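Take a look at the letters that make up each chain.
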Amino acid sequence: MRILIASSIAPEAVAQLRMHHDVVCAFNASEDKLKTLGHDREVLICRSGVTISAAVLAGAPALKLIIRAGSGTDNIDLNYVRQHGIQLERIPEPGAKAVAELAFALMLALARNLLYADQALRQGHFAKHELNGYLLRGKVLGIIGAGNIGSLVGEMGAAWGMKVLGCVENPAPAVATELAQKQIRLTDCREVIAKADFLSVHVPLTAATRNMINAAVLSQMKPGSYLINMARGGVVDEQALYQALTEKKTVRGAALDVHQVEREGHISPLASLPNVILTPHIGAQTIDSQREIGGRIVEIMDSFAAYAISTERNFAVAAPRLYPGRPGVAWRGSDSFADYPQTIEMNLAAVKCIAF
Ligand code: MLT
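Residues numbered from 1 in each chain as written. Predicted model: local features only at pLDDT ≥ 70, side-chain atom pairs only at ≥ 80, totals over all residues.

Just checking my understanding: could you explain the sheet that holds strand β4 (residues 65–68) for this structure?
Pairing between the strands of a sheet comes from backbone hydrogen bonds, and it takes one of two forms, parallel or antiparallel. Within the open sheet, the five strands sit side by side as β2-β1-β3-β4-β5. Their pairing is parallel. Both edges of this open sheet fall to β2 (22–25) and β5 (87–90), since each of them pairs with a single strand only. With direction set aside, neighbouring strand axes in the sheet form an average angle of 15 degrees. When strand β3 (residues 43–46) meets β4, the two strands line up parallel, connected through four bridges. Looking at the pairing, Val43 lines up with Leu65 of β4. Docked against the sheet, helix α1 (residues 11–20) engages β1 (2–5) and β2, running at close to 140 degrees with respect to β2. (Pairing = 2+ DSSP bridges. Helix = DSSP H or I, 4+ residues; strand = E, 2+ residues; numbered from the N terminus. Axes fitted to C-alpha atoms, helices over the stretch in contact; angles between N-to-C directions. Contact = placed C-beta atoms within 7 Å.)

What is the right way to look at the nonpolar core in this model?
What tends to happen in soluble globular proteins is that the nonpolar side chains get buried as a cluster. Counting 58 residues, the largest nonpolar core has Val99, Ala103, Leu106, Val201, Ile228 and Ala254 as the members making the most contacts within it. Counting residues per element, this core draws most heavily on helix α5 (residues 93–111), which supplies ten residues. Residues Val56, Leu88, Ile300 and Met301 belong to the second largest nonpolar core, which totals 34 residues. (Core = buried A, V, L, I, M, F, W, Y, C linked by C-beta atoms within 7 Å. Buried ≥ 20, exposed ≤ 12 C-beta atoms within 10 Å, placed from the backbone.)

Just checking my understanding: could you explain the site of the ligand for this structure?
The environment of the ligand is formed by Arg47, Ser48, Gly70, Ser71, Gly72, Gly95 and Ala284. Of the residues contributing to the shell around the ligand, the split by class is one nonpolar, five polar and one charged. (Near = placed C-beta within 6 Å. Nonpolar A, V, L, I, M, F, W, Y, C, P; charged D, E, K, R; others polar.)

Would you mind going over helix α7 (residues 148–159) with me for this structure?
The end-to-end C-alpha separation of α7 is 17 Å, in line with the 16 Å expected for twelve residues at 1.5 Å each. Within the sequence span of α7, burial applies to Asn148, Ile149, Gly150, Ser151, Leu152, Val153, Gly154 and Gly157. Following α7 by one or two positions, Gly161 has its phi on the positive side, about 85 degrees. (Expected span 1.5 Å × (residues − 1).)

Hey, could you run me through the packing of α5 against α7 in this one?
The angle between the axes and the distance between the axes are what describe a pair of packed helices. Packing of α5 against α7 leaves a shortest axis separation of 9 Å and a crossing angle of 45 degrees. With respect to their mutual orientation, α5 and α7 come out oblique. Note on packing geometry: the crossing formed by α5 with α7 is right-handed. Contacts between α5 and α7 involve Glu93, Ala96, Lys97, Val99, Ala100, Ala103 and Phe104 on the former and, on the latter, Asn148, Ile149, Leu152, Val153 and Met156. Class assignment of the residues belonging to the contact of α5 with α7 gives a composition of nine nonpolar, one polar and two charged. (Parallel < 35°, antiparallel > 145°, perpendicular 65-115°, else oblique. Left-handed = near helix turned anticlockwise from the far one by under 90°.)

This is how it looks when you write it as structure tokens:
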């Protein structure tokens, strides 16, 4: 099949795909370049960092399948995808493990002031007595969006001896039980925000979640608390966060892996604050996770190609079902606690769920 790989994925996966398919790679290319390269492509593989707009999709009339090599779909025009019967497959689990681990690296770095400790010592300053940090054990970990990633962070928090509170939008009855099994108490977002010593955000970016962590929310956070954003830059109002971190009435420090502006050369105003840690959207960026994602991409492509050939299926229908239950393909990956998404509509419903 004819594939366009629009983001960097594991090189082993690219090599394997090349063995059976016609592969073009253009990582994080411009809209114009994607429109040109996409004209005859049947499959598009992407991560965050590239915008798959309606114009890009319109420039790819043969497109049948988008493989989102990760979790978020905020960079893809989902209305176009639905209207044109393009299949969308996400691979959220491998990255979730890496994101959850990084959340703990950031929490510990904030709680123990590790960046300052390292910088001071490199300059010959032995700052031991300035560095009275905090334990994670016994603290309240609040999870905004206790879905695929958020509940993993919560589960790990419980293992660290933290008390874990989580919220999701419109939780189904089973969600409270599933979370309780992971020692996460489901409650409303207000309680999570007010009680958390460490507030970790794990929601997808949608119209509803854009700037959800705004001045009002920041003013409700516990004095001396920390904010961790591993979701999407647009979810946190960075100007309001700057203000809150300067005033230090509520939130004491913040760690952001995702940013309103993510591009080479940009320096966030938050970079001027000592109580902030900034990382360049590396949550899912472990060799292990990317290898696993690469393996899943190859499996999906094998199945998709075999299915397309064996059924000579006409994909150009308005709302196709996802091709169900074929062996070898792990369809688990809904970001809600719902069962496998079986139709594009259900996929979109899952995307709307306020939890990665
Ligand atoms: C994701 O949504 O999976 C992450 O942001 C990682 C990525 O796509 O680079």
